[in-house]
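Analysis of the macromolecular model
The chain contents come next:
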Amino acid sequence: MSGLVTIEIAEMIVPGAGREEGTLIAGAARAELSRLYLADAKIGLAWREEIGALTLRLDPRLSCGALGEVIARAIRDRATGPERAR
């Protein structure tokens, strides 16, 4: 498996981020999610199809790229971690 994978994020709200910053954050998150998914697929680590809502405390001092990566890692951790009650 190579290339980008399809991962749907219904809504992402980053308080204080404008349209341009939001686009950069989302792009970084998308790239990191694809990288993480492909790396996990290589070692046989499956992701759940749905993770539900995820709320994070983000450091506003991080760059847009770093914020996207933090968001992606949190999504990956939820998708591969123990199932949570909803």
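The structure this text deals with has already been given above.
Below, the structure is looked at part by part. Bear in mind the structure is a predicted one, so any value in this text is a computation, not a measurement. (Residues numbered from 1 in each chain as written. Predicted model: local features only at pLDDT ≥ 70, side-chain atom pairs only at ≥ 80, totals over all residues. Heavy atoms only, no water.)

**Considerations on the overall build of the protein chain**
Short version of the rule: Helix and strand assignments come from DSSP, with helices taken as H or I runs of at least 4 residues and strands as E runs of at least 2, each series counted from the N terminus. The classification of residues rests on relative accessible area computed with a 1.4 Å probe and restricted to protein chains. Under 20% of the type maximum is buried, over 50% is exposed, and intermediate values are partly exposed. Contact between two residues is taken to exist if any of their heavy atoms lie within 4.5 Å; hydrogens are not considered. To measure how exposed things are, a 1.4 Å probe is used in the Shrake-Rupley method; for residues, cover is taken only from the protein chains shown.
In terms of regular secondary structure, the protein chain is built from two helices and zero strands. Counting all 86 residues of the protein chain, 24% fall into the buried class. Counting only contacts in the protein chain whose residues sit at least 6 apart along the sequence, the fraction spanning at least 24 positions is 76%. Put simply, the protein chain shows about 6,400 Å² of open surface, and 52% of that area lies on carbon and sulfur atoms.

**Looking at the nonpolar core**
Put simply, the rule reads: Put simply, a nonpolar core is a bunch of buried Ala, Val, Leu, Ile, Met, Phe, Trp, Tyr and Cys residues held in one set by side-chain atoms that sit within 4.5 Å of each other.
Counting eleven residues, the largest nonpolar core consists of Val14, Ile25, Leu33, Leu36, Trp47, Ile51, Leu67, Ile71, Ala72, Ile75 and Ala79. Residue contacts for Trp47: discarding those within four places in its chain leaves Ile7, Leu33, Leu36, Tyr37, Asp40, Arg76, Ala79 and Thr80.

**A few points about the environment of Ala53**
Topologically, Ala53 is positioned in the loop between helix H1 (19-42) and helix H2 (64-80). For Ala53, a relative accessible area of 70% gives the class exposed. For the pair formed by Ala53 and Ile9, sequence separation is 44 residues and the distance between their alpha carbons is 9.9 Å.

**Observations concerning H1**
Applicable threshold: Helix span, expected: 1.5 Å multiplied by one less than the number of residues in the helix.
Counted at 1.5 Å a residue, the expected span for H1 with its 24 residues is 34 Å, and the 35 Å between its end C-alpha atoms agrees. The set of residues buried in H1 consists of Ile25, Ala28, Ala29, Glu32, Leu33, Ser34, Leu36, Leu38 and Asp40. Along its buried surface, H1 packs onto H2. Positive phi shows up at Gly44, right after H1, with a value of about 80°.

**Looking at the side chain of Asp40**
For Asp40, the position within the fold is in helix H1. With residues up to four places along the chain from it excluded, the contact list for Asp40 reads Leu45, Trp47, Arg76 and Thr80.

**Quick word on the pattern of salt bridges**
Rules: Criterion for a salt bridge: a side-chain nitrogen of Lys or Arg within 4 Å of a carboxyl oxygen of Asp or Glu.
All chains considered together, the criterion is met by five salt bridges. For the salt bridge of Arg35 with Glu32, the shortest nitrogen-to-oxygen distance reads 2.9 Å. Residue Arg35 and its partner Glu32 are located together in helix H1, separated by three residues, close to a single helical turn. On the accessibility criterion, Arg35 (47% relative accessible area) is partly exposed. One salt bridge connects Arg61 with Asp59, and the closest N-O pair in it is separated by 2.8 Å. By relative accessible area, Arg61 is classed as exposed at 73%. Here the residues in one salt-bridge network are Glu32, Arg35 and Arg73, joined through shared partners.

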